Each structure stands twice: as C-alpha cells, then as structure tokens.
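Breakdown of the fold
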Amino acid sequence: MALFAAGLSHKNAPLALREQLAADESKVREILRDLVGGGALREAVILSTCNRVEIYGVAEVPGEARAAAFGHLCRQRGVGTAAVDDVLYTYAEDEAIRHAFRVAASLDSMMIGEPQILGQVKDAFALAQACEAVGPALHTLFTQAFAVAKRVRTETDIARHAVSVSFAAVELARKIFTGLTGRAVLLVGAGKMSELAAKHLVEQGAFPIYVVNRTWARAQEMARALAGTAVPFEELPTAVAAVDIVITSTGAPMPIVTRRIVADAVRGRGTRPLFFIDIAVPRDVEAGVEELGDVYRYDLDDLRQVVDANIRERLREAQRAEGIIEREVTKFRARLGDVEIIPTIVSLRERLEEIRAGEVRKTLARLPDASPETLAAIEALSAGIVNKILHVPITKLRESSRAGAHRSWLESVHELFGLRRRS
Amino acid sequence: MGLALAHLVQRQPLVHRLAMLATLVGWIAHTLALLVLALQLGRPPVVSLANAVSVVVWVVVLLEMLVERQSGVSVLGAFVLPVVVMLSLKSSVARPAALAPALGNAWLWIHIALALVGIAAFVLNFAGAIMYLVQEREIRAKRPGRFYHRLPPLETLDHWTYRTLALGFPFLTTGLILGAVWARTAWGSVFTFDPLAFFSLVAWVIYAGTLAGRAAGGWHGRRAAYFAIFGFAALVITLGAGLFLPGRHGA
C-alpha cells in the first residue's frame, strides 16, 4: 500500500486546462465513488479549486491509480488525456506527505499565505469522508495537515502583511493612527481601488465618510454606498481640513489637492496626523505636502513598493515555514513508521519470551532440589540472553522506520523468527 | 536582552517567551540581591549611587514587564533592555562607595526615591522616543522594513512618550527640590558645584522645556522625541558624573 498525491496546479498547467478540469461537488462525489468503489484506490480525497486539481490516495500501484483517476476525470470533462499527462505530477510517500502539508499551509499557493486554500482542503476532505472514501491513512494525513497549516499560520507571518494596494494603504493607516475607530475619511473621485480602500477603512471603524466628486450625482451615489456624506467639490479644502485620511483617485490632469490646501488644513489641527492615499495617475495630491508637519502621502507607486516589500516579507517567512514543514514531515513519517513496526516488535518479544520460558521450565524439571539462588540465576541468565539478542533487531527496526525503509526489514524479521502475521 | 533583540529580528514566539522568561528570572534574582543587600545594611539599598542605579534598573525592568504584558507590544524589551544593561554595567563598574556620612535623614531618602522613580519613567520615555523615530523614518522613507511591521503606530508611540514624560517630570522636580533643600541644611548652600546636581539640573531644564512645549506649544512627534533623547542623554551623564566624578553624591 502506498500513499501518493497526483495532479496539476497553477505552477505548470495553463488556466484554460485547469478551468476545463475543475469539477464541482457532485462530479467529485461521482468520481470518488467510482474510484474507491471500483477498487482502483483504497482511499481517496479529491481537491478541485481554480488553481489546482489533485487527488490524494492510497493504492497498491499509485501509477495505475493516478491513471484511473485522471482518465476518469478527463472522460467526464471531455478533455484529451494527452494534454493532461504532460503536466501531471506525482508524489509518493514522504513527498506526498510534504505536498499535502505545503498545500494546506498555503505554501504552494499562487499568492503564498492566501487564506482560502485551507478551507478548500477541509471541504475536499469532508466531501471525501461523506463519500466514505477516507480510511485511516488519509485521515491521519489530513488531520495532521490541518494542524501543520495552523502551526505555520501562527508561528510565521506568511499571511500577515497586505499584498494588495488597498489593503497596504489600510495597513499604513493603522501604523500612523492608534486604531481607526472614529477617524474621518474623505474620498475624492471614484475608482475601484479607492472605493475598496474606503470600504476596508469603514470595516475597521473609520467614521464619518465624506465623498467629493466633480459630478454631484456620482458623489451622492458613492456616499450612499459607503453610508457617508456627499460634499460639493468647491468645499474640498474645508473637507481636507476636517478629516484624518484622504483617498484620492480622480482623472484630473493637475493635482487638485494643492500644497496650499494642505498647508491650510494642517494649521491648527494640533497633533493629529493627516494621511493622503493618492491612487490617481497622474497624482491628485501635490508633491511635497509631506514636508508639512504630520502629513503622510503615499501614491500608487509608493503603495506598490509597500506591497512588494510585503511580498518579500512573505517569501522570507515562507522559508521559515518550509523548515516547519520539513520537521513535521519527519515527525509524521516516524509516527507512521512506529505504527507499522510496533506490532512486529511486540510479537518478536512474545515469541522469544515463549521460547525462554519453555526452556527454563525444561531445565528446572531436571533440577528438583535447586536452591532459590540457582533458580533466580537461571531466570536472570535466560532473560539476559533474550534481551541481548533482541537489542540489535529492535534498534535496527526503529532506525529503519525513522528512515522510512522499514518495510523490507519487517519482512525479514517475520521470516527469520517465524512470526505469525497479526493482521 | 540578547533574546529580546533576537525576537525583534526573528519574531519567533518561542524566542519571545524565552526572552520574557530570562527577563523575569533576572528580575527575581535582582530582587533577591537587593533584599539581601538591604538586610545586610539594615536600610534601603541606596546608600551609594551605584546601588541607587541598581534600584532604578530594578524598577525599569518591572515597568517594562508590566507594560509589555498590558499593551502586548512584544518588541518593547528590545528597546528598553539595552538601556538597562548599560545602566547595570555602569553601576557595577563604579567604585565601591563607603556610606556617605550625610545619609540618614528621612528627607534624603525621599529625595533619592523620587529621583529614582523619575529616572525609571524617563528610561521608558527614551525607549518610546527611539521607537517613534525609527517608525517615523520607515513610514516617511516609504520603505517599510522590519521595524514597520513590529512597532506600534506613530500616534501610540507619541502618546506614550508624552505620558512617561508627564509621569517622570513631577518626580524628578520634587526630587531635585528636596535635594536642594537638603543641600542647604547640610552644607549651607543650595548650589555649590556638584557634578551630579549640575547635570541633573540640565536634564530637568530639557524635560521642563519639552513638557512646556508639548502642553502649550503643540510640540509632538519628532521634535518631542529628539528632546526626550537629549533629556535622557543628560540624565545618563548625570548618573555617570555621580558615579565617576568626585562630588557629594559619590564616594
């Protein structure tokens, strides 16, 4: 029986192919039932998202099981198997364990650390359980994969820092202000990114929201969407002075928030910082305003730079996460190995103890008037010999299970000592 | 301290726990040492300035642990503990002092105690100012690095330096006044030249100016942080002067 993982992902398969293969829940159910029911696989979990289509399974011959699974999938989706075979990867044993851990921990994701994948893996596992396709091996594997993913998430920062422009802007605001609750926000102009940033700010408690737009109707519409207040364009300077955070994204060819407006706004606002998020190209906020007291200004390029820095930070954290994964794989393998060798060790001990006890009985029958000291000595001698003999085989078995090469050793031990198969 | 710095760089929760544990163990050992000293002396262990600095260190570490626990700012240790180590080294390499003859008056004990609490508050003030400047620099430079992600927001840090200043200043002021009053009764003059008294006056003027600027002149942020650093430098010189230069506070 071998554990394996096979499939294709965003790493090597084009989007078009992934789209064609991605199967919905009912299709996955059907495939699982056919595969496990038909005996091609003993256990199976199918993970199908827009970035990957993978099967995790336990089978006598992983190659055949993989071919059966993807042949089935291709037939069902009407995709030629040739195109799929080229991009399929297969991992066995340790590599399959590692792959499962990395996928669940979002290290194999397109955007490292993205949080959705763990939920998708959990859903896939639950679905397979519902189809009675999960046995002890995959159960242990996935339960452990969830624990590892959690560990990676709490012990590293792979999912911590913003990797989108609008989130990076909110993160910056949170590093300038002590909490965003009750911070007033002014949104100038319209745009997807700026609206998103404003929404994030509102989610973090920012209030009230003012909206300025050259088109009054548009200003009113956006104010409604954000539960804010529309302000006439002419009152822009007053509005800037009244708020803490200004998001701009107009199509104006010249800066509309001039140095003079900001200078007036800064005067008399005390120690409150003023933060400009300028997402417009060309820029809406005149360069140099950040020289005025507690004014901070980030334009689109600055924000992209922050995002790049955050992605680099995620990659650095991913390195640490890989270390965690490696240690977990080793631990998991040892655990699996122990599970397999312990019955053999037990029966080995029983077998030798049986021989020893029998021989001691025979010897004592021939020594009816042996003193208690002699009896004790014979017991100790025989027990000592048995332990000495057992020492090396047991150590070897444990070592080989740590190294993942215990199967052939188990066979030999059974043969050599004439042990009965337990299962 | 090394562990706290390692935590700043590595952000491993385990390293942080070890650092906190090491700090706590060190602090408990310090407490015991101070208690033993106090029992031997039969009075509070502030008979020499070196002892007194040691007590400051004890108070600061206690405050650092409490604030870190309360605020969850797990990098505070990395900023406070280096200062603490520096002060400890200073107090341990100072010449061992004989019991100053002037000690013994209750007012004098109060003078010492107040000055020590003031200094402890200013150590935290200094740490807050440094963190503010580092964080401000990273945000202004638009290249957020390691510190950006680990330090608290600017407003919080600024607020913090203000609060520690407002806390430490009354203690320092009362401590100085009591010292002056004592000097008058003991030596007949308020201000015969004593290096520690002189530099502590310098520090007091800097802190008084900063507090006035903050309260009335709207000072905050970078400027206030710079003054917090100047003030603390003056305090460090004050203690250095007391430990190493001859004068009434020393041996």
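Just so it is clear, the model here is predicted, and its values are computed rather than measured.

1. Points about the overall build of chain B
Summing up its helical and strand segments, chain B has 9 helices and 0 strands in all. Each helix and strand of chain B, placed in order from N terminus to C terminus, yields the pattern α-α-α-α-α-α-α-α-α. With 251 residues in all, chain B has 43% of them scored as buried. Taking the intrachain contacts of chain B between residues at least 6 apart in sequence as the baseline, contacts between residues at least 24 apart amount to 74%.

2. Describing the interface of chain A and chain B
With 19 residues of chain A at the interface, the matching set in chain B holds 17 residues. Listed by contribution, the elements that provide at least two residues to the side of chain A that touches chain B are helix H8 (165–176), strand E10 (295–299) and helix H13 (300–365) of chain A. By residue number, the principal contributor to the side of chain A that touches chain B is H13 of chain A, which donates 5 residues.

3. Structural notes on the domain arrangement of chain A
Domains assigned within chain A are domain 1 (2–155), domain 2 (165–300) and domain 3 (332–417). Placing the centre of domain 1 of chain A and that of domain 3 of chain A at their C-alpha centroids yields a distance of 42 Å.

4. Looking at the pairing of strand E5 (residues 185–188) of chain A
Residues and elements named next belong to chain A. The alternating pattern of E5 places Val185 and Leu187 and Leu186 and Val188 on opposite faces, both of which are buried. Examined bridge by bridge, E5 and strand E6 (residues 209–212) share 4 bridges and lie parallel to one another. Paired with valine 188 across the strands is valine 212, a residue of E6. Taking the sense of rotation as the criterion, the β-α-β connection linking E5, helix H9 (residues 192–203) and E6 turns out right-handed. The pairing of E5 with strand E8 (residues 245–248) spans 4 bridges and is parallel. Looking across to E8, one finds that valine 188 is bridged to threonine 248.

5. As for the confidence of the model for chain B
Close inspection of predicted coordinates is inappropriate for parts of the model with low pLDDT. All names here are of chain B. Chain-level pLDDT for chain B is 75 on average; 71% of the residues reach the 70-or-more range. Confidence drops under pLDDT 50 across residues 1–11; counting only partners more than four residues distant or on other chains, this segment forms 25 contacts. The low-confidence segment residues 95–99 (pLDDT under 50) makes 7 contacts with residues lying over four places distant or belonging to another chain. ipTM for the predicted complex: 0.72, alongside a pTM of 0.72.

6. Examining the sheet that holds E5 of chain A
Residues and elements named next belong to chain A. Ordered in space as E7-E6-E5-E8-E9-E10, the 6 strands form an open sheet in which the pairing is parallel. Each of the sheet's edge strands pairs with one partner strand only, and the pair in question is strand E7 (229–231) and E10. With direction set aside, neighbouring strand axes in the sheet form an average angle of 20°.

7. Quick word on the sheet that holds strand E4 (residues 89–92) of chain A
Residue and element names in this part refer to chain A. If you trace the 4 strands from one edge of the open sheet to the other, you get E2-E3-E1-E4, paired in antiparallel fashion. Edge positions in the sheet fall to strand E2 (43–48) and E4, since each has one partner strand and no second. When the angles between neighbouring strand axes are averaged without regard to direction, this sheet yields 15°. In terms of strand pairing, strand E1 (residues 2–9) meets strand E3 (residues 52–59) through 8 bridges, oriented antiparallel. Within E3, the position partnered with leucine 3 by the bridge is valine 58. Each of E1, E2 and E3 is contacted by helix H7 (residues 136–155), which is oriented at about 40° to E2, the strand it contacts most.

8. Digging into unusual backbone geometry
All names here are of chain A. That bond from phenylalanine 207 to proline 208 is cis: its omega, -10°, falls within 30 degrees of zero. Along the chain, proline 208 falls in the loop between H9 and E6. Following valine 281, the chain continues to proline 282 via a peptide bond in cis, the omega torsion being -5°. The backbone phi angle of serine 106 is positive, close to 65°, even though this residue is not glycine. When you line up the elements, serine 106 lands in the loop between helix H5 (94–104) and helix H6 (116–130). Despite not being glycine, glutamate 132 has its phi angle at roughly 55°, a positive value. Tracing the backbone shows glutamate 132 in the loop between H6 and H7.

9. So, helix H3 (residues 62–77) of chain A
Residue and element names in this part refer to chain A. For H3, which comprises 16 residues, the first-to-last C-alpha distance of 22 Å matches the rise-based estimate of 22 Å (1.5 Å per residue) to within 8%. Among the residues of H3, Pro62, Ala65, Arg66, Ala68, Ala69, Phe70 and Leu73 are the ones counted as buried. Those residues of H3 hidden inside the fold are in contact with E1, helix H1 (15–21), helix H2 (25–37), E3, helix H4 (81–87) and E4. A positive phi of about 70° marks glycine 78, the residue just after H3.

10. Focus: the environment of threonine 250 of chain A
Within the secondary structure, threonine 250 of chain A sits in the loop between E8 and helix H12 (259–266). Along the primary structure threonine 250 of chain A and threonine 271 of chain A are separated by 21 residues, whereas in three dimensions their C-alpha atoms are 29 Å apart.

11. What about H12 of chain A?
Residues and elements named next belong to chain A. Three or more residues of H12 are buried, namely Ile261, Val262 and Ala265. Each buried residue of H12 lies within a common arc of 95° when the element is viewed along its axis, so the set occupies one face. On its buried side, H12 packs onto helix H11 (236–242), strand E9 (274–278) and E10. Positioned one or two residues after H12, glycine 268 has a phi angle of 80°, which is positive.

12. Side note on the packing of H13 of chain A against helix H15 (residues 406–417) of chain A
All names here are of chain A. The contact between H13 and H15 brings their axes to 11 Å, and the two run at 15°. By the angle between their axes, H13 is roughly parallel relative to H15. Crossing angle aside, the handedness with which H13 passes H15 is left-handed. Here Gly337, Glu340, Ile341, Thr344, Leu348 and Arg351 of H13 lie close against H15, whose contacting residues are His406, Leu410, Val413, His414 and Phe417. Looking at the contact of H13 with H15, its residues break down into 5 nonpolar, 4 polar and 2 charged.

Rules used throughout
- Residues numbered from 1 in each chain as written.
- Chains lettered and ligands numbered in written order.
- Predicted model: local features only at pLDDT ≥ 70, side-chain atom pairs only at ≥ 80, totals over all residues.
- Helix = DSSP H or I, 4+ residues; strand = E, 2+ residues; numbered from the N terminus.
- Buried ≥ 20, exposed ≤ 12 C-beta atoms within 10 Å, placed from the backbone.
- Contact = placed C-beta atoms within 7 Å.
- Domains from an automatic or database assignment.
- Pairing = 2+ DSSP bridges.
- Right-handed = clockwise from strand over helix to strand, strands pointing away.
- pLDDT = per-residue confidence, 0-100.
- Axes fitted to C-alpha atoms, helices over the stretch in contact; angles between N-to-C directions.
- Expected span 1.5 Å × (residues − 1).
- Arc of directions from axis to C-beta.
- Parallel < 35°, antiparallel > 145°, perpendicular 65-115°, else oblique.
- Left-handed = near helix turned anticlockwise from the far one by under 90°.
- Nonpolar A, V, L, I, M, F, W, Y, C, P; charged D, E, K, R; others polar.

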